[in-house]
Amino acid sequence: MRAVPSYAARLALAGAAALLGHSAVFAQPGQGTSGEVNVYTYREAKLIQPLFDAFTKETGVKVNMISASMGLEQRIAAEGVNSPADVLLTVDISRIEDAIRLGITQPIRSDFLDKLVPPALRDPEGHWYGVSMRARVIYASKERVKQNEIAYEELADPVWKGRICIRSGQHSYNNALFAGMIVKHGETKTEEWLRGLKANLAQKPSGGDREIARDIAAGKCDIGLGNTYYWALMLNKEPDKKAWADATKVILPTFKDGGTHVNVSGVVLAKNAPNKANALKLIEWMLGEKAQHMYADMNYEYPVRSGAPVNTTIAGYGVLWPDPMPLSMLAERRKSAANLVDKVGFDH
Ligand SMILES: [Fe+2]
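Note that the structure is predicted; figures quoted are calculated from it, not measured.

Calculation rules
- Here the residue numbering is sequential within each chain, running from 1 through the sequence in written order.
- Selection of residues for local features in this predicted model requires a pLDDT of at least 70, selection of side-chain atom pairs for listing and counting requires 80 or more, and totals for whole chains, interfaces and linings are taken over all residues.
- Only heavy atoms go into the side-chain values, all of them from the structure, while hydrogens and water stay out.
- Note that water is not among the atoms used; donors are N, O and S atoms within 2.8 Å of the metal (3.2 Å for Na, K and Ca), so sites may look incomplete.
- Numbered from the N terminus, helices here are DSSP runs of H or I no shorter than four residues, and strands are runs of E no shorter than two.
- Relative accessibility decides the category of a residue: with a 1.4 Å probe and only protein chains considered, values under 20% of the type maximum give buried, values over 50% give exposed, and everything between is partly exposed.
- What makes a nonpolar core is a set of buried Ala, Val, Leu, Ile, Met, Phe, Trp, Tyr and Cys residues whose side-chain atoms join them at distances within 4.5 Å.
- A contact between two residues is defined here by any heavy atoms of the two lying within 4.5 Å.
- What the arc covers is the set of directions going from the helix axis to the C-beta atoms.
- Only the stretch in contact is used when a helix axis is fitted, and all axes are lines through C-alpha atoms; the angle between N-to-C directions ranges over 0 to 180 degrees.
- Working definition: roughly parallel below 35 degrees, roughly antiparallel above 145 degrees, roughly perpendicular at 65 to 115 degrees, and oblique for all remaining angles.
- Put simply, a crossing is left-handed when the front helix is turned counterclockwise from the back one by less than a right angle, and right-handed when it is turned clockwise.
- Residue classes follow a fixed rule: Ala, Val, Leu, Ile, Met, Phe, Trp, Tyr, Cys and Pro count as nonpolar, while Asp, Glu, Lys and Arg count as charged, and any other residue, Gly among them, counts as polar.
- Of the grid points, spaced at 1 Å and generated over the protein atoms alone, those admitting a 1.4 Å probe that cannot get out make up cavities, while open sets with protein on both sides within 12 Å along at least five of seven lines make up pockets; any residue with an atom within 4 Å of a point is treated as lining.
- Grid points are joined across faces, edges and corners, and a volume is the space filled by probe spheres set on the points.

Draft legend 1. Quick look at the coordination of the iron ion. Binding of the iron ion to the protein goes through Tyr173 (OH), Tyr229 (OH) and Tyr230 (OH), at separations of 2.0 to 2.1 Å. As a motif over one chain, the donors of the iron ion read Y-x55-Y-Y. Note that tyrosine 173 is positioned in helix α6 (residues 172-199) and tyrosine 230 in helix α8 (residues 228-237), a separation of 57 residues in sequence. By relative accessible area, which is 11% here, tyrosine 173 ends up buried.

The following block contains the structure:
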């Protein structure tokens, strides 16, 4: 492990944010440390369980978990005032926005969290906070791609004709990046860019991020888009896919006038949370030093907390400069991005 400048520290360098202290100031609920908290999560149960076990060991609060890959916001909405949900953990800004739109959240009021989480990675009203970050980056052939820098805008450059692989343009990871492009350059320019990117594809959009590395390793394409953690997982934890990571390298791209596109794994407090004090305790604990370290290391994500170490493999990509665009701004353009993907026939 080695520490790299945190998101907030880098924003502070850029004059955009200041970062404060480290001591955990948990809201003291008064009812002691027992009881339970109910978490609905899009994170895989086995990925998140060790974290909750550590929380229970420290606080005595039992964590009950419901894990699913879709429909959790709708479920909480349908359960209404009787919903047992205290906390919803998501892996993407779009689900967080859905939760807010459905009215199933309540503001989390915590000075502690406001000090720790940079403004771009939380809701101004406190309806959600980022817990960890992932970046949308380039996987590139070690053999055929010599450069180590690239701008997202350059993906439409004809120099890449027939050399790019990508998953569906409608997948939320790509959709969020395209929404970011709209925020940066507007819809007309983004449409042009998308057409250029489509013209550079080696094959129809398909597979997931891991398959992009697979196809690069097989020589079908030279570069493609993937999230930061998949590459680390293939390298370190998926022996059958290690060769795909070995054949590729990770380049941290940036927008021409900005940083690298990031998304968040975030947390919301359910509107009718029956165990609100314990929910707040858990949320604040997840931004604590220990949890941030564990989270980053187990899931190969970037901690949002200042000074928390980044996993060695992830740190090996270079220093991440997250684009300072507020994620809420990006969420507003997702529908436009989806429409553009259809308009240019990106997936066909
Ligand atoms: Fe993922």
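Draft legend 2. Here's a closer look at the environment of tryptophan 128. Relative to the elements of secondary structure, tryptophan 128 occurs in the loop between α5 (111-116) and β5 (129-141). Along the sequence, tryptophan 128 and leucine 340 sit 212 residues apart, while their C-alpha atoms lie 28 Å from each other.

Draft legend 3. Structural detail: the nonpolar core. Counting residues in hydrophobic clusters, the biggest one holds 109 residues, and the most contacted among them are Tyr139, Phe178 and Leu197. It is α6 that provides the largest number of residues to this core, a total of 11 residues. Residue contacts for phenylalanine 178: discarding those within four places in its chain leaves Ile166, Gly169, Thr190, Trp193, Leu194, Leu197, Ala337, Val341 and Phe346.

Draft legend 4. Molecular detail of helix α3 (residues 72-79). Where α3 is concerned, the buried positions are Leu72, Glu73 and Ile76. The buried side chains of α3 occupy one side of the element, clustering within an arc of 105° when seen end-on. On the buried face of α3, the contacting elements are β1 (36-41), β2 (62-67), β3 (87-90) and α4 (93-101).

Draft legend 5. Quick look at the packing of α6 against helix α14 (residues 334-343). Closest axis-to-axis distance for the α6/α14 pair is 8 Å, and the angle between their directions is 70°. Taken as axis vectors, α6 and α14 run roughly perpendicular relative to one another. Of the two elements, α6 crosses α14, and the hand of that crossing is left-handed. Residues Ser172, Asn175, Ala176, Phe178, Ala179, Ile182, Glu187, Thr190, Glu191, Leu194 and Arg195 of α6 touch α14, and the partners they reach there are Arg334, Ser336, Ala337, Ala338, Leu340, Val341 and Lys343. In terms of residue class, the contact of α6 with α14 is made up of 9 nonpolar, 4 polar and 5 charged.

Draft legend 6. Expanded view of unusual backbone geometry. Its identity is not glycine, yet tyrosine 300 carries a phi of approximately 55°, on the positive side. Relative accessible area serves as the criterion here: at 5%, tyrosine 300 is assigned to the buried category.

Draft legend 7. The arrangement of the layout of surface pockets in detail. Of the volumes computed, that of the largest pocket is approximately 940 Å³. Elements with a minimum of two residues in the lining of the largest pocket: α2 (45-59), α4, α6, α8, α11 (289-299) and α14. For the lining of the largest pocket, the element with the most residues is α4, which contributes 5 residues. Class assignment of the residues belonging to the lining of the largest pocket gives a composition of 10 nonpolar, 5 polar and 15 charged.

Draft legend 8. Representation of empty space enclosed by the protein. Tallied over the full model, the rule gives 3 cavities of 30 Å³ or more. Here the second largest cavity is characterised by a volume of approximately 50 Å³. Along the walls of the second largest cavity sit Phe255, Thr260, His261, Val262, Asp323, Met325, Leu327 and Leu330, which together make up its complete lining. Among the residues making up the lining of the second largest cavity, the classes are represented as 5 nonpolar, 2 polar and 1 charged.

Draft legend 9. Focus on the side chain of asparagine 227. The residue asparagine 227 is located in strand β7 (residues 223-227) in this model. Filtering out sequence-adjacent residues up to four positions away, asparagine 227 remains in contact with Arg134, Ala135, Arg136, Val137, Tyr139, Tyr173 and Asp209.

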